[in-house]
Amino acid sequence: MGTNALLLTSFSPPSSAMASVTGSASRLLPSATIAATSASTTTRLSLSFSSSSPPLKCLRSSPLLPHIFRYQKKSLVGTSSGRFITLASPKCAASDPDQLKSAREDIKEMLKTTFCHPILVRLGWHDAGTYNESIEDWPQRGGANGSLRFEVELKHGANAGLVNALKLLQPIKEKYAGVTYADLFQLASATAIEEAGGPKIPMKYGRVDVSGPEQCPEEGRLPDAGPPSPSSHLRDVFYRMGLNDKEIVALSGAHTLGRSRPERSGWGKPETKYTKDGPGTPGGQSWTVQWLKFDNSYFKDIKERRDEDLLVLPTDAVLFEDSSFKEYAEKYATNQDVFLRDYAQAHAKLSNLGAKFDPPEGFSIDNNPTQSQPEKFVAAKYSTGKRELSDAMKQKIRAEYEGLGGSPDKPLPTNYFLNIMILIGVLALLTSLLGN
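The rules behind these values
Residues numbered from 1 in each chain as written. Predicted model: local features only at pLDDT ≥ 70, side-chain atom pairs only at ≥ 80, totals over all residues. Heavy atoms only, no water. Helix = DSSP H or I, 4+ residues; strand = E, 2+ residues; numbered from the N terminus. Buried < 20%, exposed > 50% of the residue type's maximum accessible area, 1.4 Å probe, protein only. Contact = heavy atoms within 4.5 Å. Areas by Shrake-Rupley, 256 points an atom, 1.4 Å probe, with all protein chains shown as cover. Polar contact = N/O pair within 3.5 Å; in protein donor to acceptor, adjacent residues only side chain to side chain. Axes fitted to C-alpha atoms, helices over the stretch in contact; angles between N-to-C directions. Parallel < 35°, antiparallel > 145°, perpendicular 65-115°, else oblique. Left-handed = near helix turned anticlockwise from the far one by under 90°. Nonpolar A, V, L, I, M, F, W, Y, C, P; charged D, E, K, R; others polar. Patch = residues over 30% accessible without salt bridge, like charges linked within 9 Å, V, L, I, M, F, W, Y side chains within 5 Å. Salt bridge = Lys/Arg side-chain N within 4 Å of Asp/Glu carboxyl O.

Examining the overall build of the protein
1) Next: The secondary structure content of the protein amounts to 15 helices and 8 strands.
2) Next: For the protein, buried positions account for 53% of its 436 residues.
3) Next: Within the protein, contacts between residues at least 6 apart in sequence are counted, and of these 72% link residues at least 24 apart.
4) Next: Carbon and sulfur atoms make up 51% of the accessible area of the protein, which amounts to about 19700 Å² in all.

Put into structure tokens, the structure is as follows:
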């Protein structure tokens, strides 16, 4: 099974959050009977579907399958003898900006209790990371289009466990129907980075969703963790997306968040001194000591390799072995500000890959910087010579100005303003001549 080289993070919700996750599964996969039984290290969800149940909003049925989905290798298996139901969404235009803002606040609250920052970052990355810049047509080119909500793509080896992230976000998606899945995945990813102490990501929104599972990309577009030639593999995958060496190294720094679980990815220890107590379900191996804090610790720890309880994958080690990668890795290990700046730019670029925006330029949901106020009209300011205009003349000029559509708070367009300046000059000259 292929495993993801970047963000091989895992998430197991704490017991207090498991009820809401389990409950949301019935909305995520309708007509489901969910029975959760606890084992010492794993949780199994048994899902059964009724073929007679009507499809709900944003849901679509497909032919009968003997197995609904299988993920996380050993820890979670779903089977069904009924009709397979997978997520879909109706054709929609841009997401609603106000709903996006509200969804962001809900995601922030969810992060406080579930500590699911790593898997939300991974969800956004894996939806966008299938992009192929050599393919022009949408959605064949892959990228940030919401296709990862479909079971066929969730079954890809590199996406093991991401169904947990989908379950967490599904109640938010149902609450804010005006937000596309493509936007929601990228919103959650950027918010998770920022709430973990990372940089503000200059995001834009308005991504359009694919409409069905037949539009999902083929498996194999995401990177592996242990390829024979790590540097060549990383370049093959990320150059295909239009990213460069600097962006590869900067994005690798997101491994400062999260853990790798061997039962899902085949990499890492079952437990370390840094993960045995959670938060969330204990276990896995992290890249850093504080694996829910976004900083440049990843580069420092990879460079020093002094702690056997910290994970170093072949695709991590190569960052300090390849001469081009090393230039940036060394810089990020010593200068956190530079890393945060470069990461924010690379993350924003990744989140836009392959996306079709409506409107085409996208839009921001952050408050725009305060615009400078237009200069108020003061007639005396445009008088000439040492002699000031009379009050009557000022009123006359002001009436002419307002007659053309201007006001004290609304400057005229340039052509009108030029005309009024000429008029003022002529009137001032006449006043001077008459006065003399």
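That shown, we press on.
Description of unusual backbone geometry
1) Next: Omega for the peptide link from Gly-278 to Pro-279 comes to 5°, which places this bond in the cis form.
2) Next: Within the element layout of this structure, Pro-279 appears in the loop between α9 (262-265) and β8 (285-286).
3) Next: Unlike most non-glycine residues, Phe-115 shows phi in positive territory, near 55°.
4) Next: If you trace the backbone, Phe-115 turns up in the loop between α2 (97-114) and α3 (117-128).
5) Next: With a phi close to 50°, Arg-305 is a non-glycine residue in the positive phi region.
6) Next: The residue Arg-305 is located in the loop between α10 (297-304) and α11 (314-317) in this model.

Considerations on helix α8 (residues 245-252)
1) Next: With 7 of its 8 residues buried, α8 lies for the most part within the structure.
2) Next: Burial in α8 covers these residues: Asp-245, Glu-247, Ile-248, Val-249, Ala-250, Leu-251 and Ser-252.
3) Next: Each element contacted by the buried residues of α8 is listed here: α3, α7 (230-240), α10, α12 (323-334) and α13 (336-352).
4) Next: Where α8 begins, the side chain of Asn-244 points an oxygen toward the backbone nitrogen of Lys-246, at a separation of 3.2 Å.

Focus on the packing of α3 against helix α6 (residues 181-195)
1) Next: Remark: α3 packs on α6, axes separated minimally by 8 Å, with the N-to-C direction vectors making an angle of 140°. As the angle between them shows, α3 and α6 are arranged oblique. In this structure, the crossing between α3 and α6 has a hand that is left-handed. Packed against α3, whose contacting residues are His-117, Leu-120, Val-121, Leu-123, Gly-124, Trp-125, Asp-127 and Ala-128, the element α6 presents Ala-182, Phe-185, Gln-186, Ala-188, Ser-189, Ala-192, Ile-193 and Glu-195 at the interface.
2) Next: Looking at the contact of α3 with α6 residue by residue, the classes come out as 10 nonpolar, 4 polar and 2 charged.

Structural notes on a nonpolar patch on the surface
1) Next: A contiguous nonpolar patch, built from Ile-422, Val-426, Leu-429, Leu-430 and Leu-433 and spanning about 480 Å² of accessible area, is present on the exposed surface.
2) Next: The residue Leu-429 is located in helix α15 (residues 414-435) in this model.

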